[in-house]
Every structure is written in structure tokens, then in C-alpha cells.
Amino acid sequence: MNARGLGSQLKDSIPVTELSASGPFDHHDLLRKGFSCVKNELLPSHALELSEKNFQLNQDKMNFSTLRNIQGLFAPLKLQMEFKAAQQVQRLPFLSSSNLSLDILRGNDETIGFEDILNDPSQSELMGEPHLMVEYKLGLL
Amino acid sequence: MHPWNAPFRVPGSLVHTRPGPPSQDWCSDCCGAGVAADAEMTTRMAASNMELHALSTGREPRVATVTRILRQMLFRYQGHVAASLIVGGVDPTGPQLYGLHPHGSYSRLPFMAQGSGQDAALAVLEDRFQPNMTLEAAQGLLVEAITAGILGDLGSGGSVDACVITAMGAKLLRTLSSPIEPMKRLGHYRVAPGTTAVLTQTVQPLKLELLEETVQAMDVE
């Protein structure tokens, strides 16, 4: 790792779930996340982590700016409005949504990538606690 | 790691070797070197994407399309997907051959070899390749080049398969040649039971006590 470039490799945000008021050792899932370490919060653990995390965002930015240059301002605005509308079509929070209309808008219905083969959220073995998740979403919690 | 060779420009057709069956029936094929799992998954995903692309455009896919899809994926992962691939095929623009490298670069050449055995195979190819060879001459040259890779490189081994691609389709020729005979064992190494004599035998029973017994009834409604 290039020591001079460390600043450019900082993650965008430190996950707040690790800093809970009930103590530094509670709520830390040792089996899944390993030992807690400040370095893991600050630096990416793989060279591609940041680029993959922001890949969809960067692709969208690039495509929208190209579209704006070719077809004018309204074209990306209209597309982004459609994206926002499609993103709101979701099932209950503890169930996985198919995001069919969003996939069609993005063109993902005609491609197969690693996200379709590996770690498919519809085949996840775990589910969140339904009552708590719905109450949180409705603001009752 | 499998050694494999690249198509030669035979008029209207291409010949190259392949480690496994062709992933699709199209007039193009793809074989790979590098990390074997990476190459395998990459070619299978590319095959699926090409099938979907052909269904949505309603046209026969082109070799350049396959190459571009693979290149974009390999570049996205900056070489961490360690797959070197050769894509060859026949499409309306003619027979083509592209070699892809793990970081996403490609080159279009009349003949190509990749993988750990590439130096040996390329040496044979560069020496004896002629443009517009006949199919038999091309197959003979291919077998020689791969055999050079098998015999000269530790990471390459096994037999030579070839895939002949014409405008009509791809035909896989399995095990065209197997350059190395399996080694014959010098003696008989199986031992009959009872060969080793039992001198003494001692049996020590383990005494176990039941310390605690708990019964938990299951709540069935």
C-alpha cells in the first residue's frame, strides 16, 4: 500500500453501529466481522473496495453527464425522476424486493453479473426481526 | 492451468484448443488461462450475457461484442480477476481472434497462445504459421504447438483438444493427441490383509458413569 496515498484511500464514512453507548465490546459480531480494530474502520481492506462501493454511482454520474452533453439537461433529469420513482416501490422492510422496474430502467434485466450469482439477497438465510423493522420504518420505535 | 492454442486463419474457419466443452453453440468460442476458477466463471458469465444480448437485439452476436463485454469486466476489477482469455469466432465480418489479458487489454492477431505454456507454443507457432493454411495443416501445427507447451512447461499438462469454428458452428474435437503415456508402475504395491502378523492384543474397556439426565419436552400444539 502506498503510504503517501493513504489519505486518498480513506473510507467515506465510519459505520456508527460500532460506536454504541453500551460499551466498546458489546454489539460487535465477532464471528462475522472479526476483531474490532480502528484501522479497519479507517482504511479499505481491499484495493478495490472503494471503487466497487462507488461503482454504480460513478457509472451513473458518467452516463448522466454524457447524456446531458448530448441531449440537454432535461434528459438526465427525467431519467433520475424515473429512478427515484422506481426506487420507492418496495416490499416491507424485512422482505427482499425484486426491484423489477428499477432493473429494467438500469438495463440490469439483460445482463448477468456477480451480484446475480453470488449472495443473492432473495436467498438470504437470515431475516430481520419483522415487528421491529416495520416499527422503525413507520417511526413508532 | 491448461495450455491452449489459438485459431489460425484458415479461410472461413478457425481452429483452437479448449479445456472444456464450448459454452454455447454460437460461432465463437472462448478459452482461458490464469486462475482456473476466474477464467471458468468469466467465460460462463460472458456466455450468459451474450445469450441475453442476442435475444434482446435479435441478431447473431459478434466476436467483438464478446471481447468488449469481457474487457469491460476485466478492467473494472483491475486485474484481480486473473483470467487471460482467447476469444475466437466467425461472424458476418469474418473470422477473428482476440487475446485478452487480465487487466483488460486485448490484441487481435492471426494466431495466439496464452498461459504458462505460451512461450513454448508461440515459438512453434511463430516458426511455422502461414496465412491461409488448410484445415489439416492448421490442425497439425496446433497439435505441435500445444505438445511443445505440454512437454516443456510444468503448469501445462494432459492432452490436446481442438475446436474448429466455421460459419456453420463450432465442433469440438476431444483429445486429438495425448503426448505422454501414463507411467507404468514397476512393481505390485497392493498388500493382502493379514500380511502383518498380530503379536499381542489388549482390550481396555472404558468405564463411563451417567452423571446427569435432562429431559426437555417439545412444545407441540
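Keep in mind it's a predicted model, so treat the numbers as computed, not measured.

### Some thoughts on the overall build of chain B
- Of regular secondary structure, chain B possesses four helices and nine strands.
- If you list the helices and strands of chain B from N to C, you get β-β-β-α-α-β-β-β-β-α-α-β-β.
- In chain B, which comprises 221 residues, the share counted as buried stands at 40%.
- Sequence-distant contacts, at least 24 apart, represent 61% of the contacts inside chain B between residues at least 6 apart.
- When the accessible area of chain B is evaluated, it comes to approximately 13600 Å², of which 55% is carbon and sulfur surface.

### A few points about the interface of chain B and chain A
- Taken together, the contacts link 11 residues of chain B with 11 residues of chain A.
- Between the two partners, chain B and chain A, sit one salt bridge.
- Notably, a salt bridge pairs E52 of chain A with R76 of chain B, separated by 2.8 Å at the nearest N-O pair.
- Between chain B and chain A we count two residue pairs in polar contact (both at pLDDT 80 or more) in total.
- Elements with a contribution of two residues or more to the side of chain B that touches chain A: α1 (36-57) and α2 (63-76) of chain B.
- Examining the composition of the side of chain B that touches chain A, we find that six residues originate from one element, α1 of chain B, more than from any other.
- Here the residues of the side of chain B that touches chain A sort into five nonpolar, five polar and one charged.

### Details of the layout of surface pockets
- By volume, the largest pocket is sized at about 1900 Å³.
- Lining the largest pocket are 48 residues, with Q56, N108, T111 and E115 of chain A together with R76 of chain B sitting closest to its centre.
- Elements with a contribution of two residues or more to the lining of the largest pocket: α3 (49-53), α4 (55-71), α5 (74-87), α6 (100-106) and α7 (114-117) of chain A together with α1 and α2 of chain B.
- The residue makeup of the lining of the largest pocket, split by class, is 19 nonpolar, 19 polar and 10 charged.

### Let's talk about the side chain of N49 of chain B
- Residue position: N49 of chain B is located in helix α1.
- Residue contacts for N49 of chain B: discarding those within four places in its chain leaves E110, T111 and I112 of chain A together with I69 of chain B.

### Quick look at a nonpolar patch on the surface
Residue and element names in this part refer to chain A.
- Side chains of L73, F74 and L77 sit close together on the surface and give an oily, nonpolar patch of about 330 Å² of accessible area.
- With respect to the helices and strands, L77 occurs in helix α5.
- What makes L77 partly exposed here is its relative accessible area of 45%.

### Considerations on the packing of α4 of chain A against α5 of chain A
All names here are of chain A.
- Look at α4 against α5: their axes get within 8 Å of each other, and the N-to-C directions meet at 140°. When the axes of α4 and α5 are compared, the pair comes out oblique. Mapping the contact onto sequence places F64, L67, R68 and Q71 in α4 and A75, P76, L79, Q80 and F83 in α5.
- Of the residues assigned to the contact of α4 with α5, the class counts are six nonpolar, two polar and one charged.

### Section: the packing of aromatic side chains
- On inspection of all chains with the given rule, the structure shows four aromatic pairs over all chains.
- When the centroid spacing of 6.0 Å and the interplanar angle of 65° are considered together, the rings of F64 of chain A and F83 of chain A count as edge-to-face. Residue F64 of chain A is located in helix α4, and its partner F83 of chain A is located in helix α5; the two are separated by 19 residues in the primary sequence.
- Here F64 of chain A falls in the buried class, since its relative accessible area comes to 13%.
- With relative accessibility at 12%, the residue F83 of chain A sits in the buried group.
- For the ring pair F114 of chain A and Y77 of chain B, a centre distance of 5.7 Å and an interplane angle of 70° mean the geometry is edge-to-face. One end of the pair, F114 of chain A, is in helix α7; the other, Y77 of chain B, is in the loop between α2 and β4 (83-91), on a second chain.
- Given the relative accessible area of 22%, F114 of chain A is considered partly exposed.

About the cut-offs
Residues numbered from 1 in each chain as written. Chains lettered and ligands numbered in written order. Predicted model: local features only at pLDDT ≥ 70, side-chain atom pairs only at ≥ 80, totals over all residues. Heavy atoms only, no water. Helix = DSSP H or I, 4+ residues; strand = E, 2+ residues; numbered from the N terminus. Buried < 20%, exposed > 50% of the residue type's maximum accessible area, 1.4 Å probe, protein only. Contact = heavy atoms within 4.5 Å. Areas by Shrake-Rupley, 256 points an atom, 1.4 Å probe, with all protein chains shown as cover. Salt bridge = Lys/Arg side-chain N within 4 Å of Asp/Glu carboxyl O. Polar contact = N/O pair within 3.5 Å; in protein donor to acceptor, adjacent residues only side chain to side chain. Nonpolar A, V, L, I, M, F, W, Y, C, P; charged D, E, K, R; others polar. 1 Å grid on protein atoms, 1.4 Å probe; cavity = no way out; pocket = protein on both sides within 12 Å on 5 of 7 lines; lining within 4 Å. Points joined across faces, edges and corners; volume = space filled by probe spheres on them. Patch = residues over 30% accessible without salt bridge, like charges linked within 9 Å, V, L, I, M, F, W, Y side chains within 5 Å. Axes fitted to C-alpha atoms, helices over the stretch in contact; angles between N-to-C directions. Parallel < 35°, antiparallel > 145°, perpendicular 65-115°, else oblique. Phe/Tyr/Trp six-rings, centres within 6.5 Å; stacked < 30°, edge-to-face > 60°.

It is worth stressing that arrangement in space is one thing and function is another; only the former is reported here.
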